[in-house]
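Notes for the structure review
Listed here are the chains, written in short residue letters.
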Amino acid sequence: MSDATLHDHELRLSACPACDAAPLAQRLADARGGQADVILSLPTIHCATCITDVERVLARHPGVRAARVNLTLRRVTVDAPGMAAAELIPVVESIGYEAHELDPAALSASAADRQGRDILMRIGVSGFAMMNIMILSVAVWSGADAATRDLFHWISGAIALPTVAFAGQPFFASAWRALRHGRLGMDVPISLALVLASAISVYETVHSGHHAYFDAAVMLCFFLLIGRYLDYRTRAVARSAAEELTALEVPRAFRLTAAGEEPVPVAELVPGDLIRIRPGARVPADGEITEGRSEIDRALLTGESIPVAAAPGMALSAGEVNLTGPLVLRVTAAGRDSSLSRLTALVAAAESARGHYTGLADRASRLYSPLVHLMAFCSFLGWYLATHDLRLAVNVAAAVLIITCPCALGLAVPAVITAASGRLFRRGMLIKDGTALERLADVDCVVFDKTGTLTMGVPQLVSLAPIPAEARPLALALAQGSGHPLSQALAQALAEAGTQPAALDDLREVPGYGIAGRWQGREVRLGRADWLGASHGEARLSASWLDLGQGAPIRLEFSDRLRPGAEACVARLLARRQRVLLLSGDAAPVVEDLAARLGIAEWRAGVTPLDKAETVRGLGSEGRHVLMVGDGLNDTAALAEAHVSISPASALDAARTASDIVLMGSDLAPVAEALDVARRARSRIKENFAISLGYNVVAVPFAIAGLATPLMAALAMSLSSISVTLNALRLR
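Because the structure is predicted, anything quoted here is derived from the model rather than measured.

**Digging into the overall build of the protein chain**
Helices and strands together make up the secondary structure of the protein chain, namely 26 helices and 26 strands. Each of the 732 residues in the protein chain was classed as buried or not, and the buried ones make up 51%. For the protein chain, the share of sequence-separated contacts (at least 6 apart) that also reach a separation of at least 24 residues comes to 69%.

As structure tokens, this is what we get:
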């Protein structure tokens, strides 16, 4: 590509009216020196410690600039110019993690479903075994002695040992991988406690001891698996918005050559190629129209439902849809250089950003395992040196490991999120991200999209009054012959008024302008103002014009119906002194009118996808915690960039998956209610952390002092978990 061509290309990108994500993506590409990142799938990672270990070992490797783990997608993106996946996989495997070059099939929903079913199966097995062992334990506690007690212990062992081996397999496998490579993950003390509790129980049973702790081992396994499943559920439902955007890309295009049309992969297109875009097809690459007229659906990129007229000289972006006429496009950017691909990269980068809570989890995970093992070892050593009783020392060490189990701490957040999510679900809101409620509680600024969010995105005729009664059959016949949303809204209004269509001759649609026909020898038309010789003026509403072949064209105004609950939601937010902004790609008069109706003082019209993302980012840099509520592809980058985000269920798939919360119903009022629930949930989380901390402050000294057996430790641990869960259920 010549310098001049490159310069022209850059000018077109910067002037793109539909998607200005390209300039930022270009800067990102320039900063990377044109090198693609290496992406590895990490199917065995599951916690904050895993993130730290993988990122640290890759960052130390020569040639690696940076590494960023996305725990939700179980992948790592490595900035390593000139390096291949085959060179990086052994680096990750050297610390015990399975790694593969990214295969999209490995990230399928079916694989995630299998993982969830596996955890549920282990929970079911451990829960069933726990109940049976508890029945036997009650008999022992009630006074069963000698041979009866030993029999019950043997039966409990026969149930517990296979159960612990099966249900505890995720913990054992993770701990083994960590130990093989010289690491101490959070699963190591858990596994050690399970092994010690089982070993002590077997020893006590063989020697006819008074106490066996099979019930403690199975109970511990059961509660830990519940915590892991809750954590899994919060992650499994969050698919990648970047993957959804990638799915919108067109795989092939029809390139025009001297021999005619030839289908080619989009990746083979180069700037300057001519491609044909048929009616109903999605635009495969960025470019400029050279031939043809049509209407373009830009809803994917602008969020607006009204198509725009397309003519030679107009720039199109990948992902838009050609509606009514064939077009010839001169390619300016294709494949990974297109606006859609760059927007995808922008969303992926925002999704992988590390948050405050992740950093806290990293630090906590680095401190937890060494501290627990140190306390257990010191307890064992101290008691053995003081009593020379190996069995007693092991009992104390096992009690310390069990009583310090992070089960309550692990349930502190998931239990609250589950209770709060259930409440919001009943109000029509689906929480997708486990940390969304925590972040929602910090919100002090709310940014709304217009079409499809505050409004329903469906045009409605304001009034039939401008159309004379005798002209309504003509208007209906024209409207029914067009697929334009304004025409459809007019046809619906006329049909509901009982109008019957007239029989028109020579009915034809003119792509990009409107529809025309003949009635009693004169031409009648329905369409754009400039096509009919009318003036749009400074109208605040969308409009179409009806030309009856005599007299001035008739102006027909259409309004976009407010989403139910929009007024109540905005009023409630403003009453709480929240800063509220309205951003839209629509015309300024229309946006100003809506803002005035809702009482929103801050609004911006004609914004591009990049504008929205940069506005949200700018608010964040000012210290604001932004809630973004939007539904279009143009909102996707802003949704991913925001502190927390919400999308209606009617939104584009990419927007729904980029958001943290999905509004399932049509009512917008629950958005304001969610802020209240989030703040209460944050209070419950803090209370749960206090319960967990208080439990450890009281219980750990008892265990170290030898005043708690492993069974007592397991009961105390379970009590702390139940307390945390009951406190969380207060949200319901």
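Picking up where we left off.
**Points about the pairing of strand E5 (residues 252-257)**
Pairing between E5 and strand E6 (residues 260-265): 6 bridges, direction antiparallel. Paired with Ala253 across the two strands is Val264, which belongs to E6. The hairpin formed by E5 and E6 contains 2 residues between the paired strands. By the bridge criterion, 2 bridges tie E5 to strand E7 (residues 274-277) in an arrangement that is antiparallel. Residue pairing for E7: Arg255 is matched across the bridge by Ile275.

**Some details on helix H8 (residues 187-206)**
Between its first and last C-alpha, H8 extends 28 Å over 20 residues, near the 28 Å set by a 1.5 Å rise per residue. A large share of H8 lies buried, amounting to 14 of its 20 residues.

**Here we look at the environment of Gly313**
Assignment of secondary structure puts Gly313 in the loop between strand E10 (308-310) and strand E11 (315-316). C-alpha of Gly313 to C-alpha of Ile289: the two residues are 24 residues apart in sequence and 5.3 Å apart in space. For Gly313, the residues in contact, after removing those within four places along its chain, are Glu288 and Ile289.

**Considerations on the sheet that holds strand E2 (residues 66-70)**
Reading across the sheet, the 4 strands line up as E2-E3-E1-E4 and stay open at both edges, with antiparallel pairing between neighbours. The open sheet terminates on both sides in strands that have one partner only, identified here as E2 and strand E4 (100-101). Across 2 bridges, strand E1 (residues 38-41) lies against E4 in antiparallel orientation. Bridge pairing in E4 links Leu40 to Glu101. Strands E1, strand E3 (75-79) and E4 of the sheet are contacted by helix H4 (residues 85-93), whose axis makes an angle of about 45 degrees with E1.

**Here we look at unusual backbone geometry**
Of note in the backbone geometry, His388 takes a positive phi value of approximately 55 degrees without being a glycine. By the secondary structure assignment, His388 is in the loop between helix H13 (356-387) and helix H14 (390-403). What makes His388 exposed here is its relative accessible area of 58%. Positioned with a positive phi, Asp506 is a non-glycine residue whose angle comes to about 55 degrees. Along the polypeptide, Asp506 turns up in strand E17 (residues 505-510). Judged by its relative accessible area of 47%, Asp506 falls in the partly exposed class.

**Some thoughts on the pattern of salt bridges**
On inspection of all chains with the given rule, the structure shows 20 salt bridges. The residue Arg255 makes a salt bridge to Glu262 at a minimum N-O spacing of 3.1 Å. Glu622 is the salt-bridge partner of Arg579, the closest N and O atoms lying 3.8 Å from each other. With Arg579 in strand E22 (residues 579-583) and Glu622 in the loop between helix H22 (609-621) and strand E24 (626-629), the pair connects residues that are 43 residues apart, well separated along the chain. Given a relative accessible area of 22%, Arg579 falls into the partly exposed group. Members of the salt-bridge network, linked through shared partners, are Asp506, Arg508, Glu523, Arg525 and Asp547.

The rules behind each value
Residues numbered from 1 in each chain as written. Predicted model: local features only at pLDDT ≥ 70, side-chain atom pairs only at ≥ 80, totals over all residues. Heavy atoms only, no water. Helix = DSSP H or I, 4+ residues; strand = E, 2+ residues; numbered from the N terminus. Buried < 20%, exposed > 50% of the residue type's maximum accessible area, 1.4 Å probe, protein only. Contact = heavy atoms within 4.5 Å. Pairing = 2+ DSSP bridges. Expected span 1.5 Å × (residues − 1). Axes fitted to C-alpha atoms, helices over the stretch in contact; angles between N-to-C directions. Salt bridge = Lys/Arg side-chain N within 4 Å of Asp/Glu carboxyl O.

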